[in-house]
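Listed below are the residues making up each chain.
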Amino acid sequence: MSASLSQDELYAEAERVYRAYFELEQQAFLEGGVNGVPVEMNQYIMGWYAKSENTVLAQMAERRVRMQEGTRSQYTVLEQVPDDPPSDSLVSLSVCIDSTASPLVDADGNFVAGGYDLSRVFFKYEAYS
């Protein structure tokens, strides 16, 4: 993300980045985490969030849990949150993921988890060498 964009452009870019990340996460959940964090995802997540994603996928693989085949979660950006991003972030979004129609299931197809997840995601410009 570029720090020289207008506020509207920053939010549009944040939503584009989140959408790309979300698609990669959906694929990783369908695979049950067995392939770990997709390499392409590293351009979208970092720090604590990257470690957390790695942990979740490793636990899914260990427990043989995956997203139910033929399903997909949906997400909605609830709001753009301009009032209080952390000092090193440019913008933040409040996001709701609905996995009620795409539950996590075990190796036998038994329901493990599903529902709604509310998150606040932060975006900042990170220069790579």
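Note: the structure precedes this text.
Residues numbered from 1 in each chain as written. Predicted model: local features only at pLDDT ≥ 70, side-chain atom pairs only at ≥ 80, totals over all residues. Heavy atoms only, no water.

Here we come to the overall build of the protein. The helix and strand inventory of the protein stands at 2 helices and 6 strands. Mapped from its N terminus to its C terminus, the protein presents α and β elements in the order α-α-β-β-β-β-β-β. Going through the 129 residues of the protein one by one, you find that 34% of them count as buried. Residue pairs in contact within the protein that sit at least 24 positions apart in sequence constitute 64% of those at least 6 positions apart. Carbon and sulfur atoms make up 49% of the accessible area of the protein, which amounts to about 7,900 Å² in all. (Helix = DSSP H or I, 4+ residues; strand = E, 2+ residues; numbered from the N terminus. Buried < 20%, exposed > 50% of the residue type's maximum accessible area, 1.4 Å probe, protein only. Contact = heavy atoms within 4.5 Å. Areas by Shrake-Rupley, 256 points an atom, 1.4 Å probe, with all protein chains shown as cover.)

Tallied over the entire structure, the rule returns 6 aromatic pairs. Look at W48 and Y49: their rings are 6.2 Å apart centre to centre, the planes differ by 70 degrees, and that puts the pair in the edge-to-face class. The exposure class assigned to W48 is exposed, which follows from its relative accessible area of 67%. (Phe/Tyr/Trp six-rings, centres within 6.5 Å; stacked < 30°, edge-to-face > 60°.)

Moving on to the sheet that holds strand β3 (residues 91-98). Strand order in the open sheet formed by 3 strands is β2-β3-β6, and the pairing between neighbours is antiparallel. Because the sheet does not close on itself, it has two edges, and the strands there are β2 (74-80) and β6 (116-123). This sheet shows a mean twist of 25 degrees between the axes of neighbouring strands, independent of strand direction. Of the pairings in the sheet, the one linking β2 to β3 comprises 6 bridges and is antiparallel in character. The residue bridging E79 from the neighbouring strand is S94, located in β3. Against the sheet, helix α1 (residues 7-30) touches β2, β3 and β6, its axis set at about 35 degrees to β3. (Pairing = 2+ DSSP bridges. Axes fitted to C-alpha atoms, helices over the stretch in contact; angles between N-to-C directions.)

Between its first and last C-alpha, helix α2 (residues 47-63) extends 25 Å over 17 residues, near the 24 Å set by a 1.5 Å rise per residue. The complete set of buried residues in α2 reads A50, E53, L57 and M60. Taken down its axis, α2 places every buried residue within 90 degrees of arc, on the same side. Residues W48, K51, E62 and R63 are exposed on α2 and point more than 90 degrees away from its buried face. In the core, the buried residues of α2 are packed alongside α1, β1 (66-67) and β4 (104-105). Remark: R64 follows α2 within two positions and exhibits a positive phi of approximately 60 degrees. (Expected span 1.5 Å × (residues − 1). Arc of directions from axis to C-beta.)

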